[in-house]
Structure formats: C-alpha cells, structure tokens
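# Results of the structural survey
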Amino acid sequence: MSASPLSPKWKRVVVKLSGEALQGGQTHGLDSATLDRIADDLVAAADLGTEIAVVVGGGNFFRGIQGADKGIERARADSIGMLATVMNALAIEYAIEKRGRAARALSAVPMPSLCEPYSRQAALHHLAKRRIVILAGGTGNPFFTTDTGAALRGAELSCDAILKATQVDGVYSADPKKDPNAIRYERVTQDEAIAKNLAVMDTAAFALARENRIPIIVFSIAEPCAITAALSGQGRATLVAP
Ligand code: UDP
C-alpha cells in the first residue's frame, strides 16, 4: 500500500463552514452537490486521522442582522439565525453518515428530539470515538456569530487550529471581489487583523483565538478537497497567528 502524500498538521481542529458555503450557486438554501462535495472532503480529512469538529453557520437561510433590519427585535432575529444553523448541521450530519462515517450534530440550543444538546463532554467523547462532530447553534446566545462560536469551541475543545472556510483564498486588505487592488496576505497576526478591521472574521473571534493561541487558517472552500488541503498545510491560505 502506498503512503498517502497528505499528512495532517494537527491532531484536532475546528472547521468553520459558513451557511453560504452550502448554497453552491443558489441564492439561498442547500445545494445537494455542494453538500456532497463538502461531506466527501470532511470524511477525507477525518480519514487522515485528525479529529474534526465543524461549526456551521446559517447565513444561507437567515442572519439575525437581516431580521433586525426588517423590524424583528435583534435577540429574536438571532434566535431564528441559530435555528438556521441547526438545519445546516442536520444536513451535514446526514451527508457524512451516508458516506459510512459516524457523525453527531450537537446543538448549543437544546432540541433533543432533533439532535444531542451540546456539552463539552459529549463533544470530546464523540471526537475520541472518531466521529465527526457538527456544532449547531453557535454560542447559543444572541449577539454572537458562528465565527465566535468556532473560536469558543476551538478553545474549549482544545483544538490545535481553526480552519476557516471562506469564498476567497485567504485574507485580503479589502474585498477582492470589489477592489482589484486588494492585497492578499500570506500571514497576519490577530492583532493586525483586528487593527486593520480585516473582515474575514469578527473581532470577538480573533480575540478569543489570540488569547488561546489558536492559529486560524483562512482558505477557499470553492477549491476541490479544500479542507483536506488546509489540514495538510497545502493549497492557498492565509495563516492568522501571533
Ligand atoms: N447566531 C447567534 N449566536 C451565535 C451564532 C449565531 O445568534 O452564537 C445567529 C445570528 O443571528 C447569525 C445567525 O445565527 O446571523 C447565523 O450565523 P452566522 O451569521 O454566523 O452564519 P454564517 O455567516 O457563518 O453563515
């Protein structure tokens, strides 16, 4: 048997997937081909031997800020947003299980008839059993994002890195889709990311990752096998680290 050319850099990681990553070419919702591609990638990443926790967003269905713009009080709009993340988590859980790999969705907002409530102990138990853990509900509190949820779970589950999947291949000085002069960084510190207001993650997420010395790898989910590549230190990415 030939050895795999890919070898993972970390023992345990949290992968942050935005809701948008799951909508493919659609304007919202779930695109099944995209879901299948990402599930294949997550299974391949787990097959490399790394324990994988996925924090999933909900922006393909609803973001609290959109609801607030339409007159829904923010805390309630955020509750709707958190429910959106549960829909995505259940879809990812099923897509992984369909491939013969065990997965468990855990929700920070308890809804035990749909999935297990999140607890640190339960997540660590499933990770030790080599199950891919999908974390829904963000932090479980309004006024936060799933980026902050990813940094929080990364810290409390002692993850070695946060793999932040985005629509572009790293961190830029401005939105590269709007500004042709945007500069791409190979590496930035969390302090620089906060000071320059680099919009790839929110300030709370950067600050939590900085306090807990967790590196963030920012890469494009549009590339084939993007998660496996990021886990192996391959492919184009920006490293956000002290
Ligand atoms: N949300 C929340 N608390 C959290 C995480 C998420 O209230 O800890 C809500 C918030 O309304 C957010 C929505 O859930 O807009 C979806 O999450 P997010 O915007 O982070 O999703 P993504 O942009 O990654 O798809």
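Residues numbered from 1 in each chain as written. Predicted model: local features only at pLDDT ≥ 70, side-chain atom pairs only at ≥ 80, totals over all residues. Heavy atoms only, no water.

## Observations concerning unusual backbone geometry
The line we're drawing: Helix and strand assignments follow DSSP, with helices taken as H or I runs no shorter than four residues and strands as E runs no shorter than two, numbered in order from the N terminus.
Look at R130: it is not a glycine, yet its phi comes out positive at around 70°. Structurally, R130 is set in the loop between α4 (120-128) and β5 (132-136). Phi is positive for R213, close to 55°, though the residue is something other than glycine. In this fold, R213 is placed in the loop between α7 (203-211) and β10 (216-220).

## Quick notes on the pairing of strand β2 (residues 51-56)
Along any regular strand, the residues point their side chains to alternate faces of the sheet. Quick reminder of the rule: In this scheme, a residue with accessible area under 20% of its type's maximum is buried, one over 50% is exposed, and one in between is partly exposed, where area comes from a 1.4 Å probe on protein chains only. Two strands make a pair as long as DSSP finds a minimum of two bridges between them. Handedness of a crossover: with both strands directed away from the viewer, a clockwise path from the first strand across the helix to the second marks it as right-handed.
Within β2, 6 of the 6 residues are buried, leaving the element largely enclosed by the surrounding structure. Neither face of β2 is open: one carries E51, A53 and V55, the other I52, V54 and V56, and all of them are buried. The pairing of strand β1 (residues 12-17) with β2 spans 6 bridges and is parallel. Bridging from a neighbouring strand, V14 pairs with A53 of β2. One crossover worth recording links β1 to the parallel β2 by way of helix α1 (residues 32-47), and it is right-handed.

## Remarks on the site of the ligand
Here is the rule we go by: Neighbouring residues are identified by heavy atoms, a residue being near a molecule or strand if any of them is within 4 Å of it. Contacts described as polar in this section are N or O atom pairs within 3.5 Å, which, within protein, must combine one atom able to donate a hydrogen with one able to accept it, while residues neighboring in sequence count only if both atoms come from side chains. Shrake-Rupley sampling with a 1.4 Å probe provides the accessible areas, and residues are treated as covered by the protein chains on show and by no other component. All amino acids are sorted into three groups, where Ala, Val, Leu, Ile, Met, Phe, Trp, Tyr, Cys and Pro are nonpolar, Asp, Glu, Lys and Arg are charged, and the leftover types, Gly among them, are polar.
Taken together, 20 residues lie near the ligand, and G19, D78, T139, N141 and T146 sit nearest. Here an oxygen atom of the ligand and a backbone polar atom of G58 are 3.1 Å apart. At 2.8 Å, a backbone N or O of G64 approaches an oxygen atom of the ligand. Protein contact buries 93% of the 520 Å² of open area that the ligand shows by itself. The biggest single contributor to the shell around the ligand is helix α3 (residues 74-97), with 3 residues. Across the shell around the ligand, the residue classes break down as 4 nonpolar, 13 polar and 3 charged.

## Quick word on a nonpolar patch on the surface
What counts, and what does not: For patches, a residue must show more than 30% relative accessible area and have no salt bridge; joins then use 9 Å for like charges and 5 Å for nonpolar side chains, namely Val, Leu, Ile, Met, Phe, Trp and Tyr. Whenever a carboxyl oxygen of Asp or Glu lies within 4 Å of a side-chain nitrogen of Lys or Arg, that contact is scored as a salt bridge.
On the surface, a cluster of nonpolar side chains totalling about 240 Å² of accessible area is made up of L30, F61 and M87. Following the sequence through the fold, M87 ends up in helix α3.

## Thoughts on the environment of A230
Defined as follows: By definition in these notes, contact holds between two residues if any of their heavy atoms fall within 4.5 Å.
Take A230: it is sitting in helix α8 (residues 226-231). Once residues within four sequence positions are removed from consideration, A230 is found in contact with W10, L163, I217 and F219.

## What to know about the pattern of salt bridges
Side chains carrying opposite charge are able to pair once their charged atoms draw close together. Summed over all chains, the structure comprises 18 salt bridges. Between R76 and E73 there is a salt bridge, and its shortest N-O distance comes to 2.8 Å. A residue is classified by how much of its surface remains accessible, and R76, at 53% relative accessible area, is exposed. Linking R210 and E211 is a salt bridge whose minimum nitrogen-to-oxygen distance equals 3.1 Å. Given a relative accessible area of 28%, R210 falls into the partly exposed group. What you see here is one network of salt bridges that share partners, running through K11, R12, E51 and R130.

## Digging into the UniProt feature "binding site: UMP" (unreviewed entry) in the protein chain
Stated formally: UniProt positions are given in the numbering used here, feature names are shortened, and annotations may be inferred rather than shown by experiment.
Feature annotation in UniProt assigns "binding site: UMP" (unreviewed entry) to the following positions: G58, D78, T139, G140, N141, P142, F143, F144, T145 and T146. A maximum C-alpha distance of 14.2 Å among these annotated residues, which run over 89 residues, shows that they cluster at one spot. Mapped onto the fold, P142 is located in the loop between β5 and α5 (146-156). Overall, the relative accessible area of 27% leaves P142 in the partly exposed class. For P142, the contacting residues outside a window of four places in its chain are A75, D78 and M82. Checked against the element boundaries, T145 lands in the loop between β5 and α5. Beyond its immediate chain neighbours, meaning those up to four positions away, T145 contacts T139 and D202.

## Some words on the nonpolar core
Worth spelling out the cut-off: Here, the term nonpolar core denotes a set of buried Ala, Val, Leu, Ile, Met, Phe, Trp, Tyr and Cys residues that are joined through side-chain atoms within 4.5 Å.
Counting residues in each nonpolar core, the largest one holds 40 residues, and the members touching the most others are L42, I52, L163 and F219. Top contributing element to this core by residue count: α1, with 7 residues. Contacts of L42, omitting those with residues within four sequence positions, involve V15, I52, V54, I92, I96, I132 and I227. A53, A123, L157 and V188 belong to the second largest nonpolar core, which has 29 residues in total.

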